[in-house]
Amino acid sequence: MRKSILAIAIAAMTFSLAACGQKADNNDANNNTNNEATVRTATDVSNHTVEVPVQPERVVDLSGASDTLSVLGFNVVGTCNSDAYDYTKLPTYLEETLKDATILGYSMLDTVDVEAIIGLEPDLIVISKVQEKSYDQLSKIAPTLVVDLKQVDFKEDFLSVAKIMDREDEANEWLAAYDEKVKEVSASMKEQLGADSTYLSFLASFGSNYVFSNSAIGSFFYDDLGLQKPANLPAQEDMTLPVVDSEGLAQIDADYMFVVATDEDRATLENDKVYQNLRAVKEGHVIMLPASPYFTQTYGPIGRVAFLDELKEFTTTLSE
């Protein structure tokens, strides 16, 4: 009888130990799984290797990529994607997307509001090389990544941010849908205004004309929509826009022009005798766009989609 009881006790103990061992193993596996699911190692453009959340819940972005981050599914609680003409407000095309984000300044400035950032309790901070001098200070608040927005090739910037943020699949999916929409608008424009028509876009500012040759509206027209460049379009190597006077505009001689300007700059331009005699002006082939928000609108994904929708109306206006 004693032997039977002893055998049962040993068996029970053995089972209990095995179960405990199995439970411990399961806990270790669960812990490993949880760690893998919540944290990853990221390398940014400045070769910082950073442990960051896989699914950050509160992102502060100082880089100017808030629209890209939002498109990729991140919750931006602090942004420097403010209006280029009024740093205290958002550009209209981002008002809905970033309505809950706190404006922290302007992305092209190197100053950062540390106290405001701390108050937002971020679990991830994104900056550009413009703010990199503050990297050490910011990285003490939350994991910090540096992105590089060259602001010439929209898709290159978009995919560069997506790679650092580990959202390349989402980025490619968004671009595929965007390209389909672009094809429709491009076909419509070419049908209504002519497949060989040429387009020029520029910012009129303080008596000078800053030409969007390879960035913003320019890259949107030429790279995305596949529209024709006019002859004598000045070269653009980086984000700096080439500058021409009214005589330079006459040398370019485009069929259609999209002019970005404040009310004051528009008045100055329209009073210029050379501008008044441009072929596109005399034929009524000019779309005037307010500097806020159009100066920056086509640098990012959300603004580009908004401009696509607006182009339908602009095309109708130009074809009349």
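Since the structure is predicted, the reported quantities are computational estimates derived from the model, not experimental observations. (Residues numbered from 1 in each chain as written. Predicted model: local features only at pLDDT ≥ 70, side-chain atom pairs only at ≥ 80, totals over all residues. Heavy atoms only, no water.)

Draft legend 1. Spotlight on the overall build of the protein. Assigned secondary structure in the protein consists of 13 helices and twelve strands. Looking at the protein as a whole, 46% of its 320 residues qualify as buried. Contacts spanning at least 24 positions in sequence make up 60% of the contacts within the protein whose residues lie at least 6 apart. (Helix = DSSP H or I, 4+ residues; strand = E, 2+ residues; numbered from the N terminus. Buried < 20%, exposed > 50% of the residue type's maximum accessible area, 1.4 Å probe, protein only. Contact = heavy atoms within 4.5 Å.)

Draft legend 2. Representation of the sheet that holds strand S4 (residues 76-79) within the structure. With respect to topology, five strands assemble into an open sheet ordered S5-S4-S3-S6-S7, the strand pairing being parallel. Whereas interior strands pair on both sides, the edge strands pair on one side only; in this sheet they are strand S5 (102-103) and strand S7 (144-147). Pairing of strand S6 (residues 124-128) with S7 involves four bridges; the strand directions are parallel. Each bridged residue has a counterpart across the sheet, and for Val126 the counterpart in S7 is Leu145. (Pairing = 2+ DSSP bridges.)

Draft legend 3. Spatial organisation of the packing of helix H7 (residues 217-224) against helix H13 (residues 301-319). Put simply, H7 and H13 touch, their axes get as near as 12 Å, and they point 70° apart. What the angle tells us is that H7 and H13 run roughly perpendicular. Contact with H7, carried on its side by Ile217, Ser219, Phe220, Phe221 and Asp224, involves Arg304, Phe307, Leu308 and Leu311 of H13 and no other residues of that element. (Axes fitted to C-alpha atoms, helices over the stretch in contact; angles between N-to-C directions. Parallel < 35°, antiparallel > 145°, perpendicular 65-115°, else oblique.)

Draft legend 4. Fine view of the side chain of Ser246. Structurally, Ser246 is set in helix H8 (residues 246-252). In this view, Ser246 contacts Asn209, Asp272, Val274 and Tyr275; residues no more than four positions away in its chain are not counted.

Draft legend 5. Molecular detail of the environment of Glu247. Along the chain, Glu247 falls in helix H8. Along the chain, Glu247 and Tyr275 lie 28 residues apart, while their C-alpha atoms are 8.1 Å from each other.

Draft legend 6. View of the nonpolar core. Core analysis: the largest hydrophobic core is formed by 87 residues, its most contacted members being Phe202, Phe221, Leu225, Phe258, Phe307 and Leu311. Among the elements that make up this core, the one with the highest residue count is helix H6 (residues 168-193) (eight residues). Excluding its chain neighbours within four sequence positions, the residues that come into contact with Leu311 are Val185, Met189, Phe220, Phe221, Leu225 and Phe258. (Core = buried A, V, L, I, M, F, W, Y, C linked by side-chain atoms within 4.5 Å.)

Draft legend 7. Spatial organisation of H13. Here H13 contains 19 residues, and its C-alpha end-to-end distance of 27 Å stays within 8% of the 27 Å for a straight helix at 1.5 Å per residue. The largest bend along H13 measures about 30° and falls at Glu310. (Expected span 1.5 Å × (residues − 1). Bend = angle between axes of the 7 residues up to and from the residue.)

Draft legend 8. Layout of the side chain of Asp224. Note that Asp224 resides in helix H7. Looking at Asp224, the relative accessible area reads 15%, which means it is buried. Engagement of the side chain of Asp224 in a polar contact is seen with the side chain of Arg304, the distance being 2.9 Å. Asp224 has contacts with Phe154, Lys155, Tyr178, Val182, Ser219 and Arg304, leaving out every residue within four places of it along the chain. (Polar contact = N/O pair within 3.5 Å; in protein donor to acceptor, adjacent residues only side chain to side chain.)

Draft legend 9. Region of interest: the confidence of the model for the protein. In the predicted model, the protein carries a mean pLDDT of 91, and the fraction of residues at 70 or more is 88%. Here residues 1-26 is modelled with pLDDT under 50, and outside its nearest four sequence neighbours on either side it reaches zero contacts, counting other chains as well. Throughout residues 28-35 the model reports pLDDT below 50, and contacts reaching past four residues in sequence, or to other chains, amount to zero contacts. (pLDDT = per-residue confidence, 0-100.)

Draft legend 10. Representation of unusual backbone geometry. Residues Ser292 and Pro293 are joined by a peptide bond in cis, for which omega reads 20°. Topologically, Pro293 is positioned in helix H12 (residues 291-297). Although it is not a glycine, Ala216 adopts a positive phi angle of roughly 50°. Taking relative accessible area as the criterion, Ala216 reaches 2% and is therefore assigned buried. Despite not being glycine, Asp253 has its phi angle at roughly 50°, a positive value. With respect to the helices and strands, Asp253 occurs in the loop between H8 and strand S11 (256-261).

Draft legend 11. Structural view of the sheet that holds S11. Across the sheet, five strands lie side by side as S10-S9-S8-S11-S12; this open sheet has mixed pairing. Here the strands that pair on one side only, and so sit at the sheet edges, are strand S10 (243-244) and strand S12 (286-290). Pairing between strand S9 (residues 208-211) and S10: two bridges, direction antiparallel. Across the sheet, the residue bridging to Tyr210 is Val243, located in S10. H7 contacts strand S8 (199-205), S11 and S12 of the sheet and is inclined by roughly 175° relative to S8. Strands in contact with H13 are S11 and S12; relative to S12, the strand with the most contacts, it is inclined by about 140°.

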